[in-house]
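Single-letter residue listing:
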Amino acid sequence: LRGRPVAERLEARARSGDLLTTTGINVEEIVRGLRPRETAAADALFEGLLVIPIGLDEGRQAGTWRREFAAQGTTLSHADCLVAAAALAAGHQQPG
């Protein structure tokens, strides 16, 4: 929100026909860091995004990743794993 290059990249992606998505977790992360004067801009951003759900299947996938990586000595954030599982379920792929 604070960086014009980010806003410009999002606008370009939307113009090219990309569906811009997020999750409730990402919304919380943005809202948590907002300054009072940034609320309107954040609300405008949220209105332009599709919020993809996080449900039982995504929770299972996130938990599986966290368990498997923990067994290898790597700690993964529950929030990041839930967001990744929701993106995967929605058909998103890692940019390549």
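Treat the numbers as computed from the prediction; the structure is a model and nothing was measured.

A.B. asks: For this particular structure, what's the right way to read the packing of helix H2 (residues 24-32) against helix H5 (residues 78-89)?
C.D. replies: How two helices pack is summed up by the angle between their axes together with the distance between the axes. With their axes 9 Å apart at the nearest point, H2 and H5 run at an angle of 135° to one another. As summarised for this structure, H2 and H5 are arranged oblique, according to the angle between their axes. Between H2 and H5, the contacting residues are Ile25, Asn26 and Glu29 on the first element and Ala79, Leu82 and Val83 on the second. Considered class by class, the residues forming the contact of H2 with H5 number 4 nonpolar, 1 polar and 1 charged.

A.B. asks: Would you mind showing me how to read the environment of Val31 here?
C.D. replies: For Val31, the position within the fold is in helix H2. Here Val31 falls in the partly exposed class, since its relative accessible area comes to 44%. Placed 11 residues apart in sequence, Val31 and Ala42 show a C-alpha to C-alpha distance of 7.7 Å.

What counts, and where the lines are drawn
- Residues numbered from 1 in each chain as written.
- Predicted model: local features only at pLDDT ≥ 70, side-chain atom pairs only at ≥ 80, totals over all residues.
- Heavy atoms only, no water.
- Axes fitted to C-alpha atoms, helices over the stretch in contact; angles between N-to-C directions.
- Helix = DSSP H or I, 4+ residues; strand = E, 2+ residues; numbered from the N terminus.
- Parallel < 35°, antiparallel > 145°, perpendicular 65-115°, else oblique.
- Contact = heavy atoms within 4.5 Å.
- Nonpolar A, V, L, I, M, F, W, Y, C, P; charged D, E, K, R; others polar.
- Buried < 20%, exposed > 50% of the residue type's maximum accessible area, 1.4 Å probe, protein only.

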